[in-house]
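# Inside the fold
These are the residues of each chain, in order.
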Amino acid sequence: MSFTHAIILSVLAAPEPADLIVLNANVLTMDAKHPAAEAFAVRAGRFASVGSNTEIKALAGAKTRVLDFDGKTIVPGFIDAHAHPRPLYDEDSRYYEIDAGPDKVKTLDDLVAAIRRKASKTPKGKLITGFGYQETKLGRHPTRQDLDKATTDHPVVITHSSGHLSVCNSVALELAKVTRNTEDPKGGEFQRDEKGEPTGLLKERAAGLVRSAASRLEAPESEKVEGYRTCLRNFLARGLTGVHVAGTDPEGARLLTLARGKECPVRLYIMLREDYLDQAVKLKREMAADEWGVRYGAIKSFYGNSLSGQTAWLYKPYANQEDYFGIAPGRSRASLDALVLRIHKAGLQSCIHSNGDREIDVVLDAYEAALKEVPRANHRHRIEHCSVVNEAILKRIKDLGLVIAPHSYIYEHGDKMENFGSARWDWMHPNRSLIEQGTVVAGNSDYPISAAVPLLRMHDMVNRTSAEGKVYGPKQRCTVEQALRAFTLGSAYAEFGEEQKGSIEAGKLADFVVLDRDPQKVDAKAIKDIVVLRTVIGGETVYEKR
Ligand SMILES: [Zn+2]
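Residues numbered from 1 in each chain as written. Predicted model: local features only at pLDDT ≥ 70, side-chain atom pairs only at ≥ 80, totals over all residues. Heavy atoms only, no water.

### Overview of the coordination of the zinc ion
For clarity, the cut-off: Only nitrogen, oxygen and sulfur atoms count as donors, using a 2.8 Å cut-off from the metal that widens to 3.2 Å for Na, K and Ca. Water is left out, so coordination shells may look unfilled. Going along the chain from the N terminus, every DSSP run of H or I of four or more residues is numbered as a helix, and every run of E of two or more is numbered as a strand. Here the term buried applies to any residue with accessible area under 20% of the maximum for its type, exposed to any over 50%, and partly exposed to those in between, with areas from a 1.4 Å probe on protein chains only.
The coordination sphere of the zinc ion, as far as protein atoms go, consists of His82 (NE2), His84 (NE2) and Asp446 (OD), spread over 2.1 to 2.2 Å. Here the donor residues of the zinc ion are spaced in sequence according to H-x1-H-x361-D. Within this pair, whereas His84 is found in the loop between β8 (78–83) and β9 (98–99), its partner Asp446 is found in the loop between α16 (431–436) and α17 (454–463), the two being separated by 362 residues in sequence. Using a relative accessible area of 25% as the deciding quantity, one classes His84 as partly exposed. Its relative accessible area of 6% is what places Asp446 among the buried residues.

### Quick look at the packing of helix α8 (residues 221–237) against helix α9 (residues 250–260)
Note the threshold: Interaxial angles span 0 to 180 degrees and are taken between N-to-C directions of axes, which are lines fitted to C-alpha atoms, for helices over the stretch in contact. Convention used here: angles under 35 degrees read as roughly parallel, angles over 145 as roughly antiparallel, angles from 65 to 115 as roughly perpendicular, and any remaining angle as oblique. Crossing handedness is read from the near helix: turned anticlockwise from the far helix by less than a right angle, it gives a left-handed crossing, and turned clockwise, a right-handed one. Contacts are assigned to residue pairs that have any heavy atoms within 4.5 Å of one another.
In contact at an axis separation of 8 Å, α8 and α9 are set at 65° when each is read in the N-to-C sense. As far as their axial angle goes, α9 and α8 are roughly perpendicular. The way α8 lies across α9 gives a crossing that is right-handed. Listed contacts from α9 to Glu221, Lys224, Val225, Tyr228, Arg229 and Leu232 of α8 are Arg254, Leu255, Leu256, Leu258, Ala259 and Arg260.

### Points about the nonpolar core
To keep it simple, the criterion reads: Among buried residues, those of type Ala, Val, Leu, Ile, Met, Phe, Trp, Tyr and Cys that are joined through side-chain atoms within 4.5 Å constitute a nonpolar core.
Counting residues in each nonpolar core, the largest one holds 77 residues, and the members touching the most others are Phe78 and Ile383. In terms of residue count, helix α12 (residues 357–373) provides more of this core than any other element does, 8 residues in total. Apart from residues no more than four positions distant in its own chain, Ile383 is found in contact with Ile352, Ser354, Ile360, Val363, Leu364, Tyr367, Leu402, Val403, Ile404 and Ala405.

### Re the side chain of His413
If you trace the backbone, His413 turns up in helix α14 (residues 410–413). Note on His413: relative accessible area 1%, which makes it buried. Other than its neighbours up to four places away in sequence, His413 contacts Gln134, Ser161 and Ile449.

### Concerning the sheet that holds strand β19 (residues 382–385)
This is how it is decided: When DSSP locates at least two bridges between a pair of strands, those strands are taken to pair.
If you walk across this open sheet you meet the 7 strands as β8-β15-β16-β17-β18-β19-β20, and the pairing is parallel. Of all the strands in the sheet, just β8 and β20 (403–406) have a single pairing partner and so form its edges. Adjacent strand axes in the sheet meet at a mean angle of 25°, parallel and antiparallel pairs treated alike. Its contacts with the sheet put α12 on β18 (349–354) and β19, and the angle it makes with β18 is roughly 165°. Here helix α18 (residues 480–493) sits on the sheet in contact with β8, β15 (240–248) and β20, set at roughly 70° to β8.

### Things to note about the sheet that holds strand β14 (residues 198–204)
Judged by pairing direction, the sheet is mixed, and its 6 strands sit side by side in the order β9-β10-β11-β12-β14-β13 without closing on themselves. Pairing within the sheet leaves two strands with one partner each, and these edge strands are β9 and β13 (188–192). Along the sheet, helix α7 (residues 205–213) contacts β11 (156–160), β12 (165–168), β13 and β14; its crossing angle with β14, the most-contacted strand, is approximately 115°.

### Thoughts on the environment of Glu226
In this structure, Glu226 sits in helix α8. Remark: the alpha-carbon pair of Glu226 and Leu255, spanning 29 residues in sequence, is separated by 9.4 Å.

### Section: unusual backbone geometry
Note the cis peptide between Tyr447 and Pro448, where omega equals 5°. With respect to the helices and strands, the residue Pro448 is situated in the loop between α16 and α17. In this model, Ala44 sits at a positive phi of 50°, which is unusual for a non-glycine residue. Ala44 sits in the exposed class, given a relative accessible area of 67%. Not every positive phi belongs to a glycine, and His429 is a case in point at roughly 45°. With a relative accessible area of 1%, His429 lands in the buried category.

### What to know about the domain arrangement of the chain
Note: interface size is frequently given as the accessible area lost on complex formation between the parts. Note the cut-off: An automatic or database domain assignment is the source of the domain bounds shown. We define buried area as the total accessible area lost by two parts upon association, computed with a 1.4 Å probe and summed across both. Put simply, a salt bridge is a Lys or Arg side-chain nitrogen that is within 4 Å of an Asp or Glu carboxyl oxygen. Each polar contact in these results corresponds to two N or O atoms within 3.5 Å; when the atoms are within protein, one needs to be able to donate a hydrogen and the other to accept it, and residues that are neighboring in sequence are counted only if both atoms are side-chain atoms. Side-chain classes are defined by residue name, with Ala, Val, Leu, Ile, Met, Phe, Trp, Tyr, Cys and Pro counting as nonpolar, Asp, Glu, Lys and Arg as charged, and the others, Gly among them, as polar.
Under the domain assignment, the chain is made up of domain 1 (3–71), domain 2 (98–212) and domain 3 (222–544). Of note, the centres of domain 1 and domain 3, computed from C-alpha atoms alone, are 33 Å apart. At the junction of the two partners, domain 1 supplies 20 residues and domain 3 supplies 26 residues. For the domain 1 face of the interface with domain 3, the top three residues by lost area are Met30, Arg46 and Phe47, together amounting to 42%. Our count for the domain 1 to domain 3 interface comes out at 0 salt bridges. For the interface between domain 1 and domain 3, the tally reads 7 residue pairs in polar contact (both at pLDDT 80 or more). Looking at the side of domain 1 that touches domain 3, the elements that each hand over two or more residues are β1 (20–23), β2 (26–28), β4 (39–43), β5 (46–51) and β6 (65–68). Broken down by element, the residue count for the side of domain 1 that touches domain 3 peaks at 5 residues, all from β5. Per-class residue counts for the side of domain 1 that touches domain 3 are 12 nonpolar, 4 polar and 4 charged.

### Some words on the pairing of β11
The buried fraction of β11 is high, at 5 of 5 residues. Bridging between β11 and β12 involves 3 bridges; their strand directions are antiparallel. Along β12, the bridge assignment pairs Val157 with Cys168. Here β11 folds back onto β12, and the loop between the two strands holds 4 residues, one of which, Gly163, carries a positive phi near 80°.

### Thoughts on the packing of aromatic side chains
Test applied: For this analysis, a ring pair means two rings from Phe, Tyr or Trp (six-membered ring only for Trp) whose centres lie within 6.5 Å, classed as stacked if their planes differ by under 30 degrees, edge-to-face if by over 60, and tilted for the remaining angles. Comment: the charge-over-ring label is applied if NZ (Lys) or CZ (Arg) is within 6 Å of the ring centre and within 35 degrees of the ring normal.
Counting across every chain of the model gives 8 aromatic pairs. Seen in terms of ring centroids, Phe40 and Phe47 are 5.2 Å apart; in terms of plane orientation they differ by 85°. Their pairing is edge-to-face. Ring pairs connect the aromatic residues Phe40, Phe47 and Phe512, which therefore count as one cluster. Positioned above the aromatic ring of Phe131, the side-chain terminus of Arg86 is 5.0 Å from the ring centre. The ring of Tyr493 is capped by Arg380, whose NZ or CZ atom sits 3.7 Å from the centre of that ring.

### A look at the environment of Glu384
When you line up the elements, Glu384 lands in strand β19. Remark: the alpha-carbon pair of Glu384 and Ala81, spanning 303 residues in sequence, is separated by 9.3 Å. In this structure, Glu384 is in contact with Ala81, His82, Met271, Cys351, Ile352, His353, Ser354 and Ala405, ignoring residues within four places of it in sequence. Polar side-chain contacts of Glu384 include one of 2.7 Å to the side chain of Arg382.

Shown next as structure tokens:
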């Protein structure tokens, strides 16, 4: 061997210095083989090595950045497997939507005042929208007469926190030509008073009909992109390094991609809505194999209604109404079967929104038929929410090898469980049963239905306690470890990404979060109070708490 050869070989053998080393941390890797570590090194955006302080220090070179975390806890970046990012505008902008959630709107008077404020800035005739009211917190659903007090010059549609119900004013009903003689649309309902007059409460498809009849003020593209960026930045501040966008069109995906940019590189997994199946095939095909920024390959569709809106279709009646089983989905079984088969044959992943037990069985039938016709082992087809189950449904899910993204929002929406009856609570949001039977659970918020705050959602999985302090279905309480896994490896698996992310392991993308406390060591009641100190994507800090 010549002298030069020896030098080349020694250079090859010595590991290249790391770009970043992290020392003195309590690293919860989520890697089953090495669950704990104190340090790791990052090179070219990926974890290069995970181990002890001594091992990792040896990888430092002259240009290596060193972060010493003084015992703080580090976990893999959180991934929200079902969220609806939307442009957020502040109230100076003419495009903002009224925040009707319980933090801002505590009474019906607050709601009327908020609509009045917005009306004073909105051209006459243009639609005013709001989101997030909770009838359980307001005492009842608002009526059209309530909203008429705010304006008779604008159509107003205020959407319930479920996203599946809205209440509108009289102008909005007029524009949509809805009167006492209008028939309910299939899969929807115009609520009526005892005289048969529409009350303004719109369920499921009825809400969309009224909203689309009004003309709205469209924000220019630049403002929309900035609005989406605000939303993505909020995600980063909560420790989210990845989000599955639960249904959008190619235009929404384009705006989100623009908003992402270099500044807030949240990794996106996009579910296109079913009308864009061909585009999804094309976008997936064109995607580079190493594309972990914005990925395609999933289709979002619906078979079923809302849990917190109490429209989900059930086998047994709701507890508060003997003869009410929810609203049967407007879609036929045959059309669902055909859709699922198309998605499956196209090699895409199917993600179907379904809540009630009676809805879920129809979805399971469709998956069963498609898999029988074209068997495929690694399909990872999903049910989104899957809220009310029974033993037979759990078994079918396991046998079909489905991935489930259940709700974990009892903290905000515990009171919505009341009308399902206490006998059902241990069979709702079945996180624990699914995990224990080996089904992959993907952690998610369904933002804006509940807050895109992974630590609050994990708190929910562990405690199942409402903000008011009531426990709903304690049998489905998860361990902290199970909750952490759902929001990391579980969600990564749900997007075919578990070999790239979801744990802190050499070779994976260097996405991680620094926490002020260890979720496994704090009191279970305090998990929601843990603070995200820093969020890192691909080895770059993208959020730091000041
Ligand atoms: Zn959703």
